[in-house]
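Structural characterization, general
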Amino acid sequence: SKSKTAATSILPQSPPSLSETAAASVYNIIRSLHQDMASLETLSVPAPANDFLAPNIQFRGYLDEVLIQGDTAYRRTFGVVLASLRGALRTERIVLEDVSKNGDPSSRTNLATRQRQRVKIEMLVDGTIRVDLVLRLRVRPSSPPPIVKMMLTEQQTQQLESLG
């Protein structure tokens, strides 16, 4: 006897169907995120997509763990992170680096002139919106205490200062 096997095909999932109003809202959220992430470069934006935050919103990590819950917590956390980044960049011990087209991280720039390719915004199959933002930060070495400088030769001191 011959056994028949049904050919099954696995279709890729698609995002959930939305009403026109909901679809327009999703579009506006994604549009707002693009604008706000571009403004993030100047360190002057409120929380990204601020106008669309619901009181019960959750921000999850890559392991699906809840990182922030609620719009108030999100706004507060974002404000602290942004203020800390501003302060760190002002000290000039923290430098935001940009990667040139050939992958060489030698071109250092400030937030206002860095490339925007580090932001990725996408709508996932389950209807969630995912935002990936990568900042390449470098910590400059601090100068050694004066007693160490006295023990270094002039050439060693110049080499050390050229690192910072």
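Below you will find a few notes about this structure. (Residues numbered from 1 in each chain as written. Predicted model: local features only at pLDDT ≥ 70, side-chain atom pairs only at ≥ 80, totals over all residues. Heavy atoms only, no water.)

1. Examining the overall build of the chain
Helix and strand content of the chain: four helices and six strands. Counting across all 164 residues of the chain, residues that qualify as buried make up 23%. Pairs at least 24 apart in sequence give 46% of the contacts found in the chain among residues at least 6 apart. For the chain, the computed accessible surface area is about 12,100 Å², with 55% contributed by carbon and sulfur atoms. (Helix = DSSP H or I, 4+ residues; strand = E, 2+ residues; numbered from the N terminus. Buried < 20%, exposed > 50% of the residue type's maximum accessible area, 1.4 Å probe, protein only. Contact = heavy atoms within 4.5 Å. Areas by Shrake-Rupley, 256 points an atom, 1.4 Å probe, with all protein chains shown as cover.)

2. Some words on the environment of Q35
For Q35, the position within the fold is in helix α1 (residues 20-40). Among the residues examined, Q35 registers a relative accessible area of 44% and is labelled partly exposed.

3. Quick look at the nonpolar core
Of all hydrophobic cores here, the largest spans eight residues; its members are V45, A47, L53, I68, A73, Y74, F78 and L82. By residue number, the principal contributor to this core is helix α2 (residues 71-91), which donates four residues. If you look at the next biggest cluster of nonpolar residues, it comprises six residues, including V26, I30, A49 and I121. (Core = buried A, V, L, I, M, F, W, Y, C linked by side-chain atoms within 4.5 Å.)

4. Points about the layout of surface pockets
Empty space among the atoms becomes visible once a probe the size of a water molecule is rolled across them. Empty space within the largest pocket amounts to approximately 1,500 Å³. Going through the elements one at a time, α1, β1 (58-60), β2 (66-69), α2 and β5 (129-133) are the ones with two or more residues in the lining of the largest pocket. It is α2 that contributes the most residues to the lining of the largest pocket, seven residues altogether. Here the residues of the lining of the largest pocket are counted per class, giving 27 nonpolar, seven polar and five charged. (1 Å grid on protein atoms, 1.4 Å probe; cavity = no way out; pocket = protein on both sides within 12 Å on 5 of 7 lines; lining within 4 Å. Points joined across faces, edges and corners; volume = space filled by probe spheres on them. Nonpolar A, V, L, I, M, F, W, Y, C, P; charged D, E, K, R; others polar.)

5. Details of the packing of aromatic side chains
Within this structure, the stated rule accounts for two aromatic pairs. Here F59 and Y74 contribute two aromatic rings whose centre-to-centre distance is 4.2 Å and whose plane-to-plane angle is 10 degrees, an arrangement assigned as stacked. Within this pair, whereas F59 is found in strand β1, its partner Y74 is found in helix α2, the two being separated by 15 residues in sequence. Residue classification places F59 among the partly exposed residues on the basis of a relative accessible area of 25%. Seen in terms of ring centroids, Y74 and F78 are 6.2 Å apart; in terms of plane orientation they differ by 35 degrees. Their pairing is tilted. On the criterion of helical spacing, the pair formed by Y74 and F78 is a turn pair, its members being four residues apart in helix α2. The buried category is assigned to Y74, whose relative accessible area is 9%. Residue F78 is classed as buried on the basis of its relative accessible area, which comes to 15%. Grouped by ring-pair contacts, the aromatic residues F59, Y74 and F78 constitute a single cluster. (Phe/Tyr/Trp six-rings, centres within 6.5 Å; stacked < 30°, edge-to-face > 60°.)

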